[in-house]
Every structure is written in structure tokens, then in C-alpha cells.
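Read off the chains here:
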Amino acid sequence: MATTGVAGSPGEPRLLGDDPVDAANDLLDRQGMAEHISKLLTRVRRESESSVLGLVGPWGSGKSSILRMLEDHLRNSGRSGWIVARFTPWAYSDAESLQRGFFAELREAMPKGRRWKQTRQLIGKVATAVAPLASIGQYAGLSGEAPANLVRDLIVGDTSVSATHERARRALQEQDQPILVILDDLDRLEAPELLLVLKLVRMIGRLPNVYYLLSYDEQTLIDLLMHTSLVGRSSERAQNYLEKLVQVRLDLPSLRPYQRSVLANRAMGHISQKHNLIWSEEQEGRYKRLMDKHLLRRLDSPRTINRVFGQAEAFYELVHDEVDFVDYLAVTWLRTEEPGVHRMVQRYRAEILGDSKEQVMRSFQVRQQDLSGLAERWTERVKGAGTQDRHVESLVELLAYLFPVVGAEANGRQHQGYGVDVAGARRGVGHRDYFDSYFSYGVPAEGLPDRVIADAIHDLAEGIVGPAVERISTELRQNTGRVVWKLKRRLTSHDRATMPLLRLVASQYPRLDDGRGTLGFGQTSEANSLSYHLLLQLPQVDVIAFVRECCRTPPGLNHMSEVVHFAPKATSNEAENALRREARPPWADEATREVTDALREHHARLREMPLSAFDSEHLARWWTWWQMDLENAGQWLRAQVDDGRWDLLAVLKHWVSGARVMGVANAQLRLSELSDAVVEAFGAERVLRDLHGWLMQAPATPAGALEHPEDTDANRELVVAHSLRQWSTRLQQRPSGEEF
């Protein structure tokens, strides 16, 4: 998306200002309208010695730009003969100075030559004569009363308003040169000031060859007039008053869709060129969809377009390369045009990102749910944010477009993680890792900028251990899932940082929480996922060398055991691997042999270890071995019992699994169950035979006793006894000849 010109050149948008546009920057044919008004003024002059024209349009529609072009046209056209005076009523601090300024601007616009000297003096006298009118409430339409001698002085003698006014009339008739007085931004005035200006134009300022062009937003003026004693609360009377004052009405046409697109595309091109934005076809498509379906209908004036794109330009530098620009533009539009919704989005951050407790619990419910009320909830939230009723539906649609969770719930569906991941892949506002950057004018202090990820990858490739690499190391220990997700997305195939990053992950692995014994995934699971992803980028010879290197230490062996186990299983049944949507890597078989050989050697060194020293880390390592090499893992465990080193019942009690309640500080381990795998390792018949006497004397399990009991020796015995009795029942019920 390119722009034309360079900074400051004609045709370039000035997004951060609100100055009127000149002819060189006119994209809306305002110059043509200005020229038409100029011709219209000539016709009006032929038909009336003084008249009032009204340029009517909403705020930001370009009225001031037309007035500027008209003024330039009249001043620069030698044949027009018009004198132009510009009066800005809201620039005066009180009613009396406003009155004086009205005539002062008219006088100052007149030529300074001898011919106009007397006329200029008479206009000045009119200003002096009417100055006290600001104090006369009934005459000026303001509240308050004036002293009787003040009224008398204004209406009698040669210095009266009427006498002075009449002399000024004759002088202007003799000059026979038209004067156009432009009054812009009348809608900025307070009600009393507005009424005073309108009465000055209507009663005193109607002089020969003096014409007025008023610029205003009609609805604002009607609202202001309804706050005066002259009109009262009647909008019809206010409308009639304006119609009586303004003889020629010039309504500024609304922006057509094409014109809105032209202005928006020019502004977008300017920002794109300034910040060197390079968009993919997918981004171009999303930008077009955002504009066509959501924003263009609300970008209804040049001022609105400049304000939105100006805000986007002003702050984008703070989040460059940390957000998606299309989403950023949409959020900027919310901030400028719908601030209530912008605040609401931040208030409901958890719900919008799918992180609320209600949403998490709902995702675990398998049964069919009625989610129809979710759409109504978002509608009510948008309404509660102060959105006009006619815009509520489109605002909900915009939120659904930006936030996959809202999109799903607005359609009465359970949200899926896939949509959120897609948003994250483009740094979208709908992903928790990027959400706050859209509302914080930069990446928050607790956030992880993508720039740090890029710098760390660069430094690792160059063998530099700088601040970025140190930050990544810290993130691996504290926010493993976040940094893993971002690293995966930024790394490319055959990146030189791949092997250094693998070694960095392996070095931090012993310091990560494995998550075992809790109801969730641990940090090690995220690290294993990253290492597997990295190994897929390497040649097979490098993979095997790295796996062998890691397996020399127990933590490295833990790491590689899980990483290699992560590969899809070797099977001829493609359906079994369909969900993984990937093939088994070519190095998987050899890497598995390296790991299983290392596990066998490792456990061979543990033969003399007492069972009490075989802690949870050793148990986890044996479970991994069992999953990868069932025969050798089972044989080793049986040998520990057969050779008399370990007691069978003690082994079963030791192998009872447990879990801790998530989110509870210092939660105690609660027992779960005895896995069938350990019974199968010895053989169910042998276990029941060897422990028959103990099982006959073991107490029956009380009702509810196995609902996650505390971790005590007695409770472990209860779990083992309960499991073995279930095995006994199943063996008795099996058909003849069937084996387990």
C-alpha cells in the first residue's frame, strides 16, 4: 500500500492536525463546490443588496475547507471584485468584545486607500454605537436590564445607532463593491453568544453590499437556540428562526462510500509508507474486510477518518512489530469512536480471551449445553458501554471479528483453542500474549516482546549470551508456555540458532516443574514440545548426536525420554496418527534405541538402590522406560523382587499414584490409584498368588475411603487391596482360555 509524495508534499494527508484542506489536497471536489458558491454569490448580489447564506454540514464534514477554498478563489480572482472578511465569534471572551469584533473585522477587510477611508470610519462608529447593546437584555435577546439613560442615548441624536447605521448604509451603497463576511464554527458558541451573533447579522449587520456566509452544524444550532428565551424548548421554533435568518441554504453532501474509501486508503498508504509496512495477501484481505464490513460506515467525515488514522499513526511506533496492524487499527477506532466499548473490552479481559473460570469449567463439560444466552450477554455488555442502539449489532460483530472467543459465544457455540491460536499467529488482539500491547501503548513490563525473541534467536546463532538470551532463559523457568509458543513461531527451518537453543533448553530443564502429581501440564511438557519441534529442523546425524549427549545425565535422560516419546508411533495404521497430522520422523527409531539403551544402563546402575530411595523422579523415569521398552522395564522390576532386593507389596504401595489440587498453595499429595501397568509387569496371577494371604487379612475398603485419601501407608495399603480385589474379580469372570 503505497502513497504519493513525501512528507509535507501536496496531496499527502495531515493526520495529526485539523486544519482546513487547500485545493492541492482536495480529494472530495470541495474546490468545485467553492467555485459554485462563488458564482452563486454573483447571482445573489444581482437579486439582493444584502443576504445571508448558510453552509450546513455536521462537524468534521469539511465546511472549513470549503470556506478556505472559497476565500482563496475570491481573493485570487481579479474579476470577482469581492472583499472577504472573516469573523470568528468564538474567539472573543465576552459579549461586548464580540460585538466590537464583528464590526472591526468588517472594517479591517476594507481597502486602506483614501476612497474607503470615510466608509471604514463609519463602520467603526457603528461598532462604537452598538457596543452597549451587550448590556441591554431585551434588545440583544440576553437576560438583564439596562439603565434608562443608556437606552435614551442609543436612540436619539446624531450618535444614535440608527443615525450612524444610516450613514454607513449610504457610504457602502456609494462604494458599490460587495463584501462577504464569513462566520465559521457558529456551533462552537454558547447559547447567549450564538443568539447575539445571529441578531447582529439580522438586525444591524444587514448593510448594502454586505453578504454573510454562516457555517454551522444545524442540529447543534437548534439545540443551542432551544436554550434561549427567544425560542424556548421548541425545536420547530428554532428551525423557523434559522430559516428566517438564512436566505440561501447550502447543504454539504454526505461522503459517498467511494470518497470514504479514497480518504481512508490515502491515510493508510501514508502510514504504510512511513512505517514500511509489508502486508501479505491475507492481511490485505483482512484490512478490506474490516473496512467494508465494520469501519467505513462509521468513518462518515474527513475529520473522523483523520482522527482514527492519526491516532493509529501517532502510537504505532510504540508497538511496531508487536501487534497486527489490522487489529490495531480496529482497536484504535474503538478507542476514538466507541470509548465505552474500548473500556468494556479491557474490563472483561478474561471472558474475551476465554480465561474466565466459568469458561474453563464449561470446556470440561462433555454433555450438550445450551449456550444461546451467551450472545445476549455480549449484546447487553455493548449496550451498557453507551453504544447507540442502532450501532449495537455492528459493534458485537466487530468484537466477534477481533476476538475468536466472542465470535463463538455470539453464535451460541463453545469456543475452540484453534481460533485463538490463529489470532496469536498474527499477533492478534484476541490472543492473551498480545492483548495488553493493544491497550498499553507498548508491550507491558510483564510482557515478552517479539523483539526480544528475535534478538535472542540472532544472538544464539552468533554465539552471543546477551540480555535477550538471558531473558529467554528466565522465561523458560517462569513462563515456559509463553516463550515456547513464541519461539516456535519465530524459528525458521535450518535456523543456525536451533542447536544452541536446544542446548539452552536442556540446561534449564532440571529447573523446570514437571507437573507430575497435579491436574495439569508442567513446564517440562512445554519444554519437551519445543525440543521436539527443534529436532525436526535438524539432520538425522545431528539429532542422534544431541540425543546421545543429553542421555549422559539423569536430567538429560528425562528430557530426551519424553522428547523421543513425543514422536508419532511407528504403525501401519494411519488412522492412529491422523490426529497428529504428521509422519514419524526418520530419526525416531534410532533416537528411541539411544534412549532405551541409556534407560537400561541407567536402571542397571540402580539395582542396589533401596526402594525408599527410589523417589518420584526415578518412578517417572521408569514409567517412561515402560512405555518405550515394556519388556526390559518389566523384567528389571521383576528382578528387583525376584532377587530379594525389594518386597512385592512394598513395590505396589510405592507405585500408587497421587495428585495435588491445582491453585492451592502447599497442597498435600492425595492418593489416586494403582496403575494396572505395574500389576501387568509382574503378572496378575502371580501378584494375587504371592499376596493371597495378605489380601485375605487386608481390611475392606470403607465407603468413600478411596476418594483421594491422604498419602499415608495405611491408605496406600487400602488402594492396593482395592485394586487387587478388582483384579481377582476380573480374573474369575474371564472366559475360559482368555488371557490378560
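## Describing the overall build of the chain
Then, number 1: Per the secondary structure count, the chain includes 36 helices and seven strands.
Then, number 2: The 740 residues of the chain split such that 50% are buried.
Then, number 3: Restricting to contacts in the chain with at least 6 residues of sequence separation, those with at least 24 account for 72%.

## Examining the pairing of strand S1 (residues 52-56)
Then, number 1: Judged by how many residues are buried, S1 sits mostly within the fold: five of five residues are covered.
Then, number 2: Every second residue of S1 is oriented toward a common face, with Val52, Gly54 and Val56 on one face and Leu53 and Leu55 on the other, all of them buried.
Then, number 3: Taken together, the five bridges between S1 and strand S4 (residues 210-216) define a ladder with parallel strand orientation. Note on S4: the bridge partner recorded for Leu53 is Leu213.
Then, number 4: Sheet topology note: the S1/strand S5 (residues 248-251) ladder contains four bridges and is parallel. Note that in S5 the partner of Val56 across the bridge is Asp251.

## Brief notes about the state of the cysteines
Then, number 1: Tallied over the entire structure, the rule returns zero disulfides.
Then, number 2: Summary of cysteine pairing: Cys550 is not part of a disulfide, and the nearest cysteine sulfur, belonging to Cys551, is at 6.9 Å.

## A closer look at the packing of helix H3 (residues 95-109) against helix H8 (residues 191-204)
Then, number 1: Orientation of H3 relative to H8, taken along the N-to-C sense of each, is 35°, at an axis distance of 11 Å. By crossing handedness, the relation of H3 to H8 is classed as right-handed. Between H3, through Ala95, Leu98, Gln99, Phe102 and Phe103, and H8, the contact on the second element is made entirely by Glu193, Leu196, Val197, Leu200, Val201 and Ile204.

## Focus on unusual backbone geometry
Then, number 1: The phi dihedral of Asp185 is positive, around 60°, even though this residue is not glycine.
Then, number 2: Relative to the helices and strands, Asp185 resides in the loop between strand S3 (179-183) and H8.
Then, number 3: Phi is positive for Asn209, close to 70°, though the residue is something other than glycine.
Then, number 4: Here Asn209 is to be found in the loop between H8 and S4.

## Description of the pattern of salt bridges
Then, number 1: One pass over the structure, following the stated rule, counts 45 salt bridges.
Then, number 2: Here Asp292 ties to Lys288 by a salt bridge, and the two come within 2.7 Å at their closest N and O atoms. Of this pair, Asp292 and Lys288 both sit in helix H12 (residues 281-295), four residues apart, roughly one helical turn.
Then, number 3: For Asp450, the salt bridge identified is with Arg427, shortest N-O distance 2.5 Å. Remark: Arg427 occurs in the loop between helix H21 (417-425) and helix H22 (450-462) and Asp450 occurs in helix H22; sequence separation between them is 23 residues.
Then, number 4: Owing to a relative accessible area of 1%, Asp450 belongs among the buried residues under this scheme.
Then, number 5: Exposure remark for Arg427: the relative accessible area of 18% places this residue in the buried category.
Then, number 6: In this structure, a network of salt bridges that share partners links the residues Glu282, Arg286, Asp324, Asp327 and Arg426.

## Focus on H22
Two residues of an α-helix separated by three or four positions point the same way, owing to the 3.6 residues in each turn.
Then, number 1: Given a rise of 1.5 Å per residue, 13 residues ought to cover 18 Å, and the 19 Å separating the end C-alpha atoms of H22 matches this to within 8%.
Then, number 2: Those residues of H22 that fall on the buried side of the exposure criterion are Asp450, Val452, Ile453, Ala454, Ala456, Ile457, Asp459, Leu460 and Ala461.
Then, number 3: In this fold, the buried residues of H22 make contact with helix H23 (467-478), helix H24 (480-490) and helix H25 (498-508).
Then, number 4: Gly463 occupies a position one or two residues after H22 and carries a positive phi of about 75°.

## Details of the environment of Arg511
Then, number 1: Considering the arrangement of structural elements, one finds Arg511 in the loop between H25 and helix H26 (523-535).
Then, number 2: Separated by 12 residues in sequence, Arg511 and Gln523 have C-alpha atoms that sit 9.4 Å apart.
Then, number 3: Setting aside residues up to four positions removed in sequence, Arg511 forms contacts with Arg477 and Gln523.

## Points about the side chain of Gln640
Then, number 1: The residue Gln640 is located in helix H31 (residues 630-642) in this model.
Then, number 2: Leaving out residues up to four positions away in the same chain, Gln640 has contacts with Leu606, Arg607, Arg645 and Trp646.

## A word on the sheet that holds S4
Then, number 1: Taking strand neighbours across the sheet as the criterion, the five strands line up as S2-S3-S4-S1-S5 in an open arrangement whose pairing is parallel. Each of the sheet's edge strands pairs with one partner strand only, and the pair in question is strand S2 (83-87) and S5. Direction aside, neighbouring strands of the sheet carry axes that sit 20° apart on average.

## Structural notes on the packing of aromatic side chains
Given two aromatic rings, one states the distance between the centres and the angle between the planes to describe the pair.
Then, number 1: Summed over all chains, the structure comprises 24 aromatic pairs.
Then, number 2: When the centroid spacing of 5.0 Å and the interplanar angle of 80° are considered together, the rings of Tyr316 and Phe325 count as edge-to-face. Just as Tyr316 is buried, Phe325 falls in that class too.
Then, number 3: Taken together through their ring pairs, the aromatic side chains of Phe614, Trp622, Trp623, Trp625, Trp626, Trp636, Trp646 and Trp655 make up a single cluster.
Then, number 4: In this structure, Arg381 is placed above the aromatic ring of Tyr348, and the distance from its NZ or CZ to the ring centre is 4.0 Å.
Then, number 5: Cation over ring: Arg730 sits above Trp727, and NZ or CZ is 4.1 Å from the ring centre.

## A few points about the nonpolar core
Then, number 1: Within the largest apolar cluster, 85 residues are counted, with the highest numbers of intra-cluster contacts made by Val595, Phe614, Trp622, Leu637, Trp646 and Trp655.
Then, number 2: The contacts of Trp655, once residues within four sequence positions are left out, are Leu611, Phe614, Leu619, Trp622, Trp623, Leu637, Trp646, Glu673, Leu674 and Val678.
Then, number 3: In terms of nonpolar packing, the next biggest core, distinct from the first, is built from 52 residues, Val326, Leu329, Val345 and Leu353 among them.

## Quick word on the environment of Gly430
Then, number 1: By the element assignment, Gly430 lies in the loop between H21 and H22.
Then, number 2: Along the backbone, Gly430 and Arg349 are 81 residues apart, and their C-alpha atoms lie at a distance of 9.8 Å.
Then, number 3: When near neighbours in sequence (up to four residues on either side) are disregarded, Gly430 contacts Leu353, Leu402, Phe403, Pro404, Val420 and Ala423.

## What to know about the confidence of the model for the chain
Then, number 1: When pLDDT is averaged along the chain, the result is 84; 86% of the residues meet or exceed 70.
Then, number 2: Scored below 50 in pLDDT, residues 1-10 makes 21 contacts in the model with residues more than four places away or belonging to other chains.
Then, number 3: Contacts for the low-pLDDT stretch residues 134-157, under 50 throughout, to residues beyond four places or in other chains number 34 contacts.

## Brief notes about the packing of helix H14 (residues 325-337) against helix H19 (residues 389-402)
The description of two helices packed together rests on the angle between their axes and the distance between the axes.
Then, number 1: At a minimum axis separation of 11 Å, H14 and H19 run at an interaxial angle of 150°. When the interaxial angle is binned, H14 and H19 end up roughly antiparallel. H19 is crossed by H14, and the crossing has left-handed handedness. Contact with H14, carried on its side by Val326, Asp327, Ala330, Trp333 and Leu334, involves Leu395, Leu398, Leu399, Tyr401 and Leu402 of H19 and no other residues of that element.
Then, number 2: Classifying every residue of the contact of H14 with H19 by side-chain character gives nine nonpolar, no polar and one charged.

Calculation notes
Residues numbered from 1 in each chain as written. Predicted model: local features only at pLDDT ≥ 70, side-chain atom pairs only at ≥ 80, totals over all residues. Heavy atoms only, no water. Helix = DSSP H or I, 4+ residues; strand = E, 2+ residues; numbered from the N terminus. Buried < 20%, exposed > 50% of the residue type's maximum accessible area, 1.4 Å probe, protein only. Contact = heavy atoms within 4.5 Å. Pairing = 2+ DSSP bridges. Disulfide = S-S within 2.5 Å. Axes fitted to C-alpha atoms, helices over the stretch in contact; angles between N-to-C directions. Left-handed = near helix turned anticlockwise from the far one by under 90°. Salt bridge = Lys/Arg side-chain N within 4 Å of Asp/Glu carboxyl O. Expected span 1.5 Å × (residues − 1). Phe/Tyr/Trp six-rings, centres within 6.5 Å; stacked < 30°, edge-to-face > 60°. Lys NZ or Arg CZ within 6 Å of the ring centre and 35° of its normal. Core = buried A, V, L, I, M, F, W, Y, C linked by side-chain atoms within 4.5 Å. pLDDT = per-residue confidence, 0-100. Parallel < 35°, antiparallel > 145°, perpendicular 65-115°, else oblique. Nonpolar A, V, L, I, M, F, W, Y, C, P; charged D, E, K, R; others polar.

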